[in-house]
Amino acid sequence: MKKHIITSLLYTAITAVLLGIVYPLVITGVAQLTMRSRANGQLITRNGEIVGSALIGQPFTGPGYFHGRPSAAGTGYDASSSSGSNLGPTSKALMDRVEGSVKAESNGADIPVDLVTASSSGLDPDISPAAAMYQVSRVARERHLDSIRLQQLVMQTVTPRQFGLLGEPRVNVLGLNLALDRLQPMQR
Amino acid sequence: MTLNGWLQIGLFIAAVLLLAKPMGSYMTAVFERRKTFLDPVLGPCERALYRGTGVHPEEEMRWTHYTVAMLTFSAATMLLTYIVERVQLWLPLNPQHLANVEPALALNTAISFTTNTNWQSYTPESTMSYLTQMLGLATHNFWSAAVGLALAIAFVRGIARREMKTLGNFWVDLTRGILWILLPISIVFAFALVSQGVVQNMKPYDTVKLLESQKVTGADGKTTTVSTQTIAQGPVASQEAIKMLGTNGGGFFNANSSHPFENPTPLSNFLQMLSIFLIPAGLCITLGQMVRSPKHGWAVLAAMVVLWFAGTLTSYWAEAHANPALRGVDSHSSLAQSGGNMEGKEVRFGIANSALFATVTTDASCGAVNSMHDSFTPLGGMVPMVNILLGEVVFGGVGAGLYGMLVFVVMSVFIAGLMVGRTPEYLGKKIESFDVQMAMLYLLIFPLLILGFSAVTVLMPNLGLSSLANHGPHGFSEILYAYTSATGNNGSAFAGLNANTHWYNYSLATAMFFGRFMMIIPMMAIAGSLAAKKSVPATSGTFPVTTPLFTVLLTGVILIVGALTFFPAVTLGPVLEHLLMRAGQSF
């Protein structure tokens, strides 16, 4: 018994250093040397200022930007507090929230479901191509842009399935809005 | 359901089955201490580790010694994690200056990671420092998985050996599992994850300027302007790799594998699901090879695939349907959207990958999530719950899945023996009353903990019900799921439940602790008993364990035991909720 305890303590200490310190530090070192941007969250700079991560969604509510999905992370897209809504399918709170989103986003037609449902992480950077197309008429009006031109921009921004097979086609909302600002800056 | 969805699911299971044989053969070589291509590098490390810890690798252990060594080691690792959590503020690698973790939560988390559960009552990015995640939590992802592997191998030796008192050496099995299997695969996998965008750094959280400032009304009714976003960072990829490979499932971030920094692309998602099943599928082949009956390994694997498919089909079908209560919403699947029940799911994964992930993570005792099970449709959410209730033997956790499955195998041959009125035999070993008693003990501890704790909790409005996020039958499901997940050492959650209270932290910790260790003891007792038995030659009356008939019987026994035990409880949760949802009820 005593021998087991001594071995346990020694084994814990030695392997803790190997698995808990050496292993993550080696991975960090090599990743930082070989894949720096990816290892640091693919931050995007504009005019010398960091304006976001290519992987993390941001809140957009103004009519001149494409909107992302409702977010349950903190007060919305809080990337230090990721979370889903965790509301179940028979939850009254879920129905009320979706009704509010439908009112806010509706252009008369039925809204693509991802645009009015909260994501799992609360940080989903993407919306479906359908949800992006749904917003084209509003954004085009606000930005004084031709709808056809804006539809083209959306189509160019679509990320297809990986290898044509994996996942779902999607539109990165921050990427689309940055491209939109380049195409036709917001008039203030 | 779409053709593309089924193609992705088909590709996934094809990859699992293709890798099972090479993985299984490699593990056989590792645990039978035969030559492998990694020996030149790892051999010296192994010998140095034995010297440094006073292990005599040739020493054989009886089942009692093996179990005691496992228990003392688990206790030592648990202690380390508890201490690191309690003093993290004074240790390095804490750029956000996160406070020391309070005792109830620290204890719950230490037990959670020691037992391979990875239940998380906390939000990691605002609770655990980088050092705690690396040294206190990721280490357990290696240790607890290697412990599971070692126990499974000991059980298999119990079947394979004849008239022997010993099952191998715990320290040797543990070491070989870590050095030859978990660590090398994790290193490769971690780099693959970084290449997809999983972050790996030690820097403080980034603050970025929002493109569009937001007016936000807080809970106190005050409106403030938010113009920046704080982005949590950390050494994620190194932890993510072993989190999946070791079927641990404890997320670096609160949103787990749905967080874009943990699981950024469909490929990273595919690899994560594959890595959950990699070792459990391979272990079936290892079983077949070590007991000199390869077909038996495939027969067991076949039963797992059947149950996996049933779960995936149900979950995918349920989630592809819209929530009927939502109005003015287009939930049809098309080329431009995946449609279905998208609440709590990520667009890049859509319905197929979310339903598949939920099935895989609960078939195995992983518990990582890429979508929120709490927001699944009632029947879609029932699948993960039922998967755990069946004992997580469908592939199952690393090691734990195989030894759980083997207990069901013992039950199956016992029942087959009863049906024809012969003494049941399993691979030449007579299954006698002691073995069946231990198997029943293993099978009964599980529902006792789940149903007992759930029943007590729903009777306590202040301690139990006040933590619920949803009401009606869904609230009951949240509680049932929590104790199911804890006892089954899964760690996924109907995460609306606020489990960071004294009652939940302590009761779930108890469920996790006994759900792991109290089930290991009878399992190891069976292994010890089997190892000591004589081998009797097979006769025409022996029930073969290599045929499709055996696969059907095994599947049937698992389903019948699960249904008899848990049907009433499941009826009060997901089944009732499904009926009420159809009737248009809300809560």
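Small disclaimer: the values here were computed from a predicted structure and weren't measured.

## Re the overall build of chain A
Phase 1 of the analysis: Counting its secondary structure elements, chain A contains 7 helices and 6 strands.
Phase 2 of the analysis: The order of helices and strands in chain A, counted from the N terminus, is α-α-β-β-α-β-β-α-α-α-β-β-α.
Phase 3 of the analysis: For chain A, the C-alpha atoms occupy an extent of roughly 75 × 45 × 35 Å along the three principal directions.
Phase 4 of the analysis: Classification of the 188 residues of chain A by burial places 48% in the buried group.
Phase 5 of the analysis: In chain A, the proportion of contacts linking residues at least 24 apart, taken out of those at least 6 apart, comes to 51%.

## Let's talk about the overall build of chain B
Phase 1 of the analysis: Within chain B, the secondary structure is distributed over 16 helices and 7 strands.
Phase 2 of the analysis: For chain B, the C-alpha radius of gyration of 24 Å lies close to 25 Å, the compact-globule estimate for 587 residues.
Phase 3 of the analysis: Dimensions of chain B, computed from the C-alpha atoms along their principal axes, are close to 80 × 60 × 50 Å.
Phase 4 of the analysis: Every one of the 587 residues in chain B was classed for burial, and the buried ones make up 61%.
Phase 5 of the analysis: Counting contacts in chain B only where the partners sit at least 6 residues apart, residues at least 24 apart contribute 78% of the total.

## So, the sheet that holds strand 5 (residues 158-159) of chain A
All names here are of chain A.
Phase 1 of the analysis: Taking strand neighbours across the sheet as the criterion, the 3 strands line up as 4-6-5 in an open arrangement whose pairing is antiparallel. Looking at strand neighbours, the two that pair on one side only are strand 4 (126-127) and strand 5, the edges of this open sheet.
Phase 2 of the analysis: Pairing of strand 4 with strand 6 (residues 170-172) involves 2 bridges; the strand directions are antiparallel. Opposite Asp-126, over in strand 6, you have Asn-172 as the bridge partner.
Phase 3 of the analysis: Against the sheet, helix 7 (residues 173-183) contacts strand 4 and strand 6, and its axis sits at roughly 60° relative to strand 6.

## Observations concerning the packing of helix 5 (residues 130-160) of chain B against helix 6 (residues 170-196) of chain B
All names here are of chain B.
Phase 1 of the analysis: Put simply, helix 5 and helix 6 touch, their axes get as near as 8 Å, and they point 120° apart. In terms of axis orientation, helix 5 runs oblique to helix 6. Considering the relative orientation of helix 5 and helix 6, their crossing is right-handed. Each of Phe-142, Ala-145, Ala-146, Val-147, Leu-149, Ala-150, Ile-153 and Ala-154 in helix 5 lies in contact with helix 6, whose residues at this interface are Phe-170, Asp-173, Leu-174, Gly-177, Ile-178 and Leu-182.
Phase 2 of the analysis: Residues of the contact of helix 5 with helix 6, tallied by class, amount to 12 nonpolar, 1 polar and 1 charged.

## Remarks on the pairing of strand 3 (residues 206-217) of chain B
Residues and elements named next belong to chain B.
Phase 1 of the analysis: One ladder, built from 8 bridges, connects strand 3 with strand 4 (residues 223-231); its direction is antiparallel. Within strand 4, the position partnered with Val-208 by the bridge is Gln-229.
Phase 2 of the analysis: Following strand 3, the chain reverses through 5 residues before pairing antiparallel with strand 4; Gly-221 in that reversal takes a positive phi of roughly 85°.

## Side note on the interface of chain B and chain A
Phase 1 of the analysis: Each partner contributes to the interface: chain B provides 105 residues, whereas chain A provides 95 residues.
Phase 2 of the analysis: Considering each element in turn, the side of chain B that touches chain A owes the most residues, 8 residues, to strand 3 of chain B.
Phase 3 of the analysis: Residues of the side of chain B that touches chain A, tallied by class, amount to 51 nonpolar, 43 polar and 11 charged.
Phase 4 of the analysis: Across 2 bridges, the pairing between strand 3 (residues 111-112) of chain A and strand 5 (residues 329-330) of chain B is parallel. Along strand 5 of chain B, the bridge assignment pairs Ile111(A) with Val329(B).

## As for the environment of Ser293(B)
All names here are of chain B.
Phase 1 of the analysis: Mapped onto the fold, Ser-293 is located in the loop between helix 8 (266-290) and helix 9 (294-319).
Phase 2 of the analysis: Sequence separation of Ser-293 and Arg-422 is 129 residues, and the distance between their C-alpha atoms is 22 Å.
Phase 3 of the analysis: Excluding residues that lie within four positions of it along the chain, Ser-293 makes contacts with Gly-288, Leu-427 and Thr-546.

## So, the confidence of the model for chain B
Phase 1 of the analysis: Confidence in the prediction of chain B, expressed as mean pLDDT, is 95, and 100% of residues score 70 or more.
Phase 2 of the analysis: In the model output, the complex is listed with pTM 0.96 alongside ipTM 0.97.

## Some remarks on the packing of helix 12 (residues 400-420) of chain B against helix 16 (residues 548-582) of chain B
When two helices pack together, their arrangement is given by the angle between the helix axes and by the axis-to-axis distance.
Residue and element names in this part refer to chain B.
Phase 1 of the analysis: At a minimum axis distance of 9 Å, the contact between helix 12 and helix 16 shows a crossing angle of 105°. Comparing the axis directions of helix 12 and helix 16 gives the class roughly perpendicular. Seen from helix 12, the contacting residues are Phe-408, Val-409, Met-411, Ser-412, Ile-415 and Ala-416; seen from helix 16, they are Leu-553, Leu-554, Val-557 and Ile-558.
Phase 2 of the analysis: Considering only residue class, the contact of helix 12 with helix 16 consists of 9 nonpolar, 1 polar and no charged.

## Quick word on the environment of Gly250(B)
Phase 1 of the analysis: Topologically, Gly250(B) is positioned in the loop between helix 7 (236-245) and helix 8.
Phase 2 of the analysis: Take Gly250(B): there are 27 C-beta atoms within 10 Å of it, and that puts it in the buried class.

So, how was this worked out
- Residues numbered from 1 in each chain as written.
- Chains lettered and ligands numbered in written order.
- Predicted model: local features only at pLDDT ≥ 70, side-chain atom pairs only at ≥ 80, totals over all residues.
- Helix = DSSP H or I, 4+ residues; strand = E, 2+ residues; numbered from the N terminus.
- Buried ≥ 20, exposed ≤ 12 C-beta atoms within 10 Å, placed from the backbone.
- Contact = placed C-beta atoms within 7 Å.
- Rg over C-alpha atoms; globule rule 2.2 N^0.38 Å.
- Pairing = 2+ DSSP bridges.
- Axes fitted to C-alpha atoms, helices over the stretch in contact; angles between N-to-C directions.
- Parallel < 35°, antiparallel > 145°, perpendicular 65-115°, else oblique.
- Left-handed = near helix turned anticlockwise from the far one by under 90°.
- Nonpolar A, V, L, I, M, F, W, Y, C, P; charged D, E, K, R; others polar.
- pLDDT = per-residue confidence, 0-100.

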